[in-house]
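# Secondary and tertiary structure notes
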Amino acid sequence: MTEKLVLHEDARSGNCYKIRLTAAHLSIPIERRAYDILNGETRTPEYLSQINANGKIPVLQIDDHFLPESNAACHWLAEGSELIPEDRFDHADMLRWMFWEQHRHEPSVAEMRFLYLYVGRDKLSEEQYAAVPGRIANGEAALTLMDRHLLDRDFMVGGRFTLADIALYAYTHVAGEGGFDLSRWPAVQRWLDRVASQSGHISMDA
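Here the residue index of a chain counts from 1 through its sequence in written order. In keeping with the model being predicted, local features are shown solely for residues with a pLDDT of at least 70 and side-chain atom pairs are shown and tallied solely at 80 or more, while totals for entire chains, interfaces and linings include all residues. Here the side-chain values reflect all heavy atoms present in the structure, with hydrogen atoms and water set aside.

## Details of the side chain of H8
Put simply, the test is: Helix and strand definitions here come from DSSP, where helices need a minimum of 4 consecutive H or I residues and strands a minimum of 2 consecutive E residues; each element is numbered from the N-terminal end. In this scheme, a residue with accessible area under 20% of its type's maximum is buried, one over 50% is exposed, and one in between is partly exposed, where area comes from a 1.4 Å probe on protein chains only. Two N or O atoms form a polar contact when they lie within 3.5 Å of each other; inside protein one atom must be a possible hydrogen donor and the other a possible acceptor, and for residues adjacent in sequence the pair counts only when both atoms belong to side chains.
Note that H8 resides in strand β1 (residues 5–9). Residue classification places H8 among the buried residues on the basis of a relative accessible area of 1%. Polar contacts involving the side chain of H8 include one to the side chain of Y35, which spans 2.7 Å.

## Structural notes on the sheet that holds strand β4 (residues 65–68)
As a reminder of what qualifies: Think of it this way: DSSP has to see at least two bridges between two strands before they count as a pair. Axis lines are fitted to C-alpha atoms, over the contacting stretch for helices. Their N-to-C directions set the angle, which ranges from 0 to 180 degrees. Residues count as neighbours in contact if any of their non-hydrogen atoms are within 4.5 Å of one another.
The mixed open sheet is built from four strands, whose spatial order is β2-β1-β3-β4. The open sheet has two edge strands with one neighbour each: β2 (31–34) and β4. This sheet shows a mean twist of 25 degrees between the axes of neighbouring strands, independent of strand direction. Of the strand pairs in this sheet, strand β3 (residues 59–62) and β4 are connected by four bridges, and their pairing is antiparallel. By the bridge assignment for β4, V59 is matched with P68. Contacts from helix α1 (residues 14–25) reach β1 and β2, with the element oriented near 160 degrees to β1. Running over the sheet, helix α3 (residues 70–78) touches β1, β3 and β4 and is turned about 125 degrees from β4.

## Description of the side chain of N71
Relative to the helices and strands, N71 resides in helix α3. A polar side-chain atom of N71 sits 3.2 Å from a polar atom in the side chain of K18. A polar atom in the side chain of N71 sits 3.3 Å from the side chain of E101.

## Structural notes on helix α5 (residues 126–150)
Here is the rule: Here the expected length of a helix is defined as 1.5 Å per residue gap, with one fewer gap than residues. The term bend refers to the angle at a residue between two fitted axes, each drawn through seven residues, those ending there and those starting there.
Compared with the 36 Å implied by 1.5 Å per residue over 25 residues, the 37 Å span of α5 between its first and last C-alpha is a close match. Remark: the principal bend of α5, roughly 35 degrees, maps to V132, with a proline, P133, within the next four residues. The set of residues buried in α5 consists of V132, G139, A142, L143, M146, D147, H149 and L150. Check the buried side of α5 and you find it contacts α4 (88–120), α6 (163–172) and α7 (186–196).

In structure tokens:
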């Protein structure tokens, strides 16, 4: 891989961590450019016109191309690697879990972490406070589904470590910061330990 890669990120974000973690497992060097999303640094005219018109991070810059969406960036990095199953069904199943992570897991588990850790439990708006019970219920349902799936599996797909594990690890391993007691889901806890023991693993603050 000869492309120049730049990750436009806020390091506190699990979605950004996914990309760094994928690159670490594949020994791919990535330049990092930091933005503070809490201070609106991804909403400036320059960022919106040059990096991502949607005003979000992460964005993986590949030479002069800009690829938003964390799981798309992870898939691009891992193309042709052992992180993507060769089996057609397993590949599709991996994508299924990555789509599910963004649609069902991240909007509850990650959002609760954001509200509690970065907004503050005592600083929530009325709208945010009203949404908490639903987000907690949805997060608990997502973690319960994962726990049941992992009862007799070491990894999410195909019996081995794939991008599905990376995508789901990012916010699951810090779910406690959003008020979720991971001791309730022992199969998930064992899986988290298994993922963290993989060669090439880096922590979120690396």
